[in-house]
Amino acid sequence: MATSVERRVEPVVRRRFLPTIDVQGIGFAATLASICLLIIILMGIFAPLIATHDPILMDPTQRLKPASNAFLLGTDAYGRDLFSRIVYGARISLIVGVGAAIISVAIGLPLGLLAGFFRILDAILMRIMDGLMAIPSILLAIAVVSLAGASLWTVLVAITIPEIPRVVRLVRSVVLSAREEPYVEAAIAVGSSLPKVMWRHLVPNTLAPLIVQGTYICASAILIEAILSFLGAGVGTETPSWGNIMSEGRVYFQLKPSLIFWPGLVLSICILSINLLGDTARDLLDPRLKQRGGEK
Amino acid sequence: MFGYFLRRILAAIPVMAVVALFVFLLLRLTPGDPAAIIAGDMATPEQLERIRVTLGLHQPIHVQFITWVQRLLSGDFGVSLLSNKPVTTLISQRLEPTISLALLTIFLTIIISVPMGVLAAWRHGSWIDNMVMSASVLGFSIPVFVIGYILIQIFALNLGLLPVQGFTSISKGVVPFLERAILPALTLASIYIALIARMTRAAMLDVLGEDYVRTARAKGLDEKIVLFRHALRNAAVPILTVIGTGFALMISGVVVTESVFNIPGLGRLTVDAILARDYPVIQGLILFTSGIYVLINLLIDLSYAFLDPRIRY
């Protein structure tokens, strides 16, 4: 454990809103992850150009065809082109992942700031968050979807709700330690208004951990969306999403395993890339965590 | 110590109250008529009226909540809309497969992930460490059902070693039980192993830097004894905490794993309830699993006092 002693002393710089990033520290894995993710994002954006077929066009004469020049990865039980469906599936996953990260941060950040600052509010808010965290996120999402019906919007809400407590806890813990700092006390002492103290001095502190947490939320949301679709509680079955493709492929698994393995592979690469980028961001933004390996 | 136990037990009550309130409000705050949501599109007016009466929907909302909680406390979780059986009966019928699968999973997780984490911390920065950390990122990233299908493909279809799907009760013998339960348990354990291996490594890294570890090594103790008796015992508290919080991950995994492997447990019950939009069952399952989660974490909190004699309350 000699390494923990040789901690690099960082120069004192004024914290800007975006923490500076040491680009040379990005390793091979993170580069590969960025490339994979970029491909998936482009795939989602330019889906109509990349897809070779209409992803929802059924053709009973072409059921369960093997991979060929006409159908790059073969067809599913309804004669739809698997490759085109996977390409379009990227859209759902990316919307849900990015959407859940943004919404949960947008709701969790103010709640966490308030909880960290006001004692009474803290006690109430944290009890509510503890209760929410006791509900397994999949079950919570399932309950929301089964009540409100299957649509992209309900799935997004269902996935975001269980992530909010994690953001609130994170922001609160940052605020609790930052508010003891001399510069925050000084700001309060010279009479800065509370919103100004929060915005100028506390929010910038939460930014680095929130970026890291945001990437993990994104990965976890994509995973949960796929699980919900797989279980039949996701976006409507007519929408091509990776979970839906696998869900429909289950019945034909022994006959045609590629219906599960191709979307499963793309899904795994997507989540893995986001997780790796999250780990890289964490190491770059908070070198202290690197030695401990961190926790999610 | 008794005071601490009492305080921890009391602290679990507001958590469960929030869970109950949330589940209660979820149905009432969803736009639309709750009875119509529950009954589905094909419901007749009589069915709607029956649901309104059983849920007490014509009463003011605070009265509804009080009667609902009173029923919960007396063990009445409502009646399934699909089979008309009490939700508690449905849950208790499905408990055995899920509990035996969960116990096997936790056993596998601990015997695999703790040594992984200890090794990684012991050889910190080496290729072993890198392998363990990479395996852990993979475990977090590959969805449970994909791992399940990969295992089925390799061990059941290609090698023909194990049955593809299904469940055999442990009362019919340990070997038949293990034959069918080992693949689902490994599937379920994948994400849990990733989590606990990471946490074990982190906790061990902290402990291995302590003075008493250096002293133990300096006086020439066997490295195994240093690692497992001096270090691991002191790292046990954070590891145990994560085993508790990771339990929520496992519940989510159970739902998926049981439908991949066709196991008639709580997970199958959940999926059947989703497909039939059987809200009373989903509600009962949420309350039940959240209760188990709170209970397990309570027990873990209480066990710290025994695990670590330094902790005094």
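What counts and how
- Residues numbered from 1 in each chain as written.
- Chains lettered and ligands numbered in written order.
- Predicted model: local features only at pLDDT ≥ 70, side-chain atom pairs only at ≥ 80, totals over all residues.
- Heavy atoms only, no water.
- Helix = DSSP H or I, 4+ residues; strand = E, 2+ residues; numbered from the N terminus.
- Buried < 20%, exposed > 50% of the residue type's maximum accessible area, 1.4 Å probe, protein only.
- Contact = heavy atoms within 4.5 Å.
- Domains from an automatic or database assignment.
- Buried area = accessible area lost by both parts, 1.4 Å probe.
- Patch = residues over 30% accessible without salt bridge, like charges linked within 9 Å, V, L, I, M, F, W, Y side chains within 5 Å.
- Areas by Shrake-Rupley, 256 points an atom, 1.4 Å probe, with all protein chains shown as cover.
- Salt bridge = Lys/Arg side-chain N within 4 Å of Asp/Glu carboxyl O.
- Phe/Tyr/Trp six-rings, centres within 6.5 Å; stacked < 30°, edge-to-face > 60°.
- Lys NZ or Arg CZ within 6 Å of the ring centre and 35° of its normal.
- Axes fitted to C-alpha atoms, helices over the stretch in contact; angles between N-to-C directions.
- Parallel < 35°, antiparallel > 145°, perpendicular 65-115°, else oblique.
- Left-handed = near helix turned anticlockwise from the far one by under 90°.
- Nonpolar A, V, L, I, M, F, W, Y, C, P; charged D, E, K, R; others polar.

Draft legend 1. The environment of leucine 223 of chain A, seen in detail. Assignment of secondary structure puts leucine 223 of chain A in helix H9 (residues 194-231). Residue classification places leucine 223 of chain A among the buried residues on the basis of a relative accessible area of 13%. Residues leucine 223 of chain A and alanine 150 of chain A, spaced 73 residues apart in sequence, show a C-alpha to C-alpha distance of 17 Å. Residues contacting leucine 223 of chain A, with those up to four places away along its chain left out, are Ile271 of chain A together with Phe140 and Pro143 of chain B.

Draft legend 2. Summary view of the domain arrangement of chain B. Residue and element names in this part refer to chain B. Annotation of chain B at the domain level lists domain 1 (2-73) and domain 2 (90-311). Computed over C-alpha atoms only, the centres of domain 1 and domain 2 are separated by 32 Å. At the interface, 16 residues of domain 1 touch 14 residues of domain 2. Carbon and sulfur atoms make up 75% of the area that domain 1 and domain 2 hide from each other, which totals about 1,400 Å².

Draft legend 3. Seen up close, a nonpolar patch on the surface. Residues and elements named next belong to chain A. On the surface, Leu38, Ile41, Leu42, Ile45, Phe46, Leu49 and Ile50 cluster together into a nonpolar patch covering about 640 Å² of accessible area. If you list the elements that add at least two residues to the nonpolar patch, you get helix H1 (28-45) and helix H2 (47-50). Among the elements that make up the nonpolar patch, the one with the highest residue count is H1 (four residues). Inspection of the secondary structure puts isoleucine 41 in helix H1. Judged by relative accessible area, which is 32%, isoleucine 41 ranks as partly exposed.

Draft legend 4. Seen up close, the packing of aromatic side chains. For the structure on display, the rule yields nine aromatic pairs over all chains. Centre to centre, the rings of phenylalanine 253 of chain A and phenylalanine 261 of chain A are 5.9 Å apart; their planes meet at 75°, and the pair counts as edge-to-face. The partly exposed category is assigned to phenylalanine 261 of chain A, whose relative accessible area is 24%. A connected cluster of aromatic rings, assembled from ring pairs, spans Phe230, Phe253 and Phe261 of chain A together with Phe145 and Tyr149 of chain B. Above the face of the phenylalanine 230 of chain A ring, arginine 250 of chain A is positioned so that its terminal group lies 4.8 Å from the ring centre. The residue whose ring lies beneath arginine 123 of chain B is tryptophan 122 of chain B, and the NZ or CZ to ring-centre distance is 3.9 Å.

Draft legend 5. Highlighting the packing of helix H5 (residues 137-148) of chain A against helix H6 (residues 152-160) of chain A. Residue and element names in this part refer to chain A. Packing of H5 against H6 brings their axes to within 8 Å, and their N-to-C directions diverge by 150°. Here H6 runs roughly antiparallel to H5, going by the angle between their axes. By crossing handedness, the relation of H5 to H6 is classed as right-handed. In contact with Ala141, Val144, Val145 and Ala148 of H5, H6 contributes Thr154, Val155 and Ala158. Of the residues contributing to the contact of H5 with H6, the split by class is six nonpolar, one polar and no charged.

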